[in-house]
Amino acid sequence: MTLQGKTALVTGGTSGIGRAVAQRLARHGAQVIVTGRDKQRGDEVIAEIEAEGGKARFITADLANFDDVRRLAEAAADVDVLVNNAGIFPGGPTEQTTPEDLDLVFAVNVKAPFYLTAAIAPRMAAQGGGAIINISTMAATIGMNGLAAYGASKAAIEALTRSWTAEYGPQGVRVNVVAPGPTHTPASVAMGEMFDALTASLPAGRGADPDEIAAAVSFLASDEASFIYGAVLPADGGRVAV
């Protein structure tokens, strides 16, 4: 599998799954544009990629800020691969979710990928094709207590993936989803015993390493997945199957 000659944009690429995705795409030969809010962490990722012989650059962007989304879309409009990974996942009871919380979740998890895709997919189509991989979650399929806003935002992303497949697929743009289950990231550490409870419910009996999720993303980004359009690939240790 190779991504030589390809350029990829990975949002939320400074930590966790996004960081692993950026590193793996670079190992397969892609030039990677990493974006995130923290320049120091971004520079660390770039340095790691370059130390392995890869090529990458960092663009600072806060995807809750629409001006940043527009600026990022302009700066990275000609990529061959777009990974809409950046997301926020506040939890809590529905009645405690404020309008500001809900707006923020949908701004980052839905609105930003929507407008990045709107800017980038037509350019991919004009160049003869490309690959867009959206990162969802098992909570988009399984009802999970305390994750109503997050699950709804990711269910929206899965619906958009189907719509974008109908819209851009005939022009050679493949749009797919990777839906992870519990994954060992800096954010999961803060979950404490809740993370352990989630992993105990998986047939795999453990949480994922970020690179295992990145492997699924890399496959869908490559020509090995040339006939896969509009799919949701669960990378959740079997959770949605039981």
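Below, the structure is looked at part by part. (Residues numbered from 1 in each chain as written. Predicted model: local features only at pLDDT ≥ 70, side-chain atom pairs only at ≥ 80, totals over all residues. Heavy atoms only, no water.)

Here we look at the pairing of strand S6 (residues 173-180)
And step 1. Counting buried positions over the eight residues of S6 gives eight, a clear majority of the element.
And step 2. On S6, burial covers both faces: Val173, Val175, Val177 and Ala179 on one face and Arg174, Asn176, Val178 and Pro180 on the other are all buried.
And step 3. As paired elements, strand S5 (residues 130-135) and S6 share six bridges and run parallel to each other. Across the sheet, residue Asn134 finds its bridge partner in S6, namely Val177.
And step 4. In this region the chain leaves S5, passes through helix H5 (residues 148-168) and returns to the parallel neighbour S6; the handedness of that crossover is right-handed. (Buried < 20%, exposed > 50% of the residue type's maximum accessible area, 1.4 Å probe, protein only. Helix = DSSP H or I, 4+ residues; strand = E, 2+ residues; numbered from the N terminus. Pairing = 2+ DSSP bridges. Right-handed = clockwise from strand over helix to strand, strands pointing away.)

Focus on the pairing of strand S3 (residues 55-60)
And step 1. In the sheet, strand S2 (residues 31-36) pairs with S3 via six bridges, with the strands oriented parallel. Paired with Val32 across the two strands is Ala56, which belongs to S3.
And step 2. Where the polypeptide runs from S2 across helix H2 (residues 39-51) and back to S3, its parallel neighbour, the crossover connection is right-handed.

Focus: helix H3 (residues 66-75)
And step 1. Listed as buried for H3 are Asp68, Val69, Leu72 and Ala73. Seen along its axis, H3 keeps its buried residues to an arc of 135 degrees; they face one direction.
And step 2. Among the structural elements, strand S1 (7-11), S2, S3 and helix H4 (99-126) are those in contact with the buried residues of H3. (Arc of directions from axis to C-beta. Contact = heavy atoms within 4.5 Å.)

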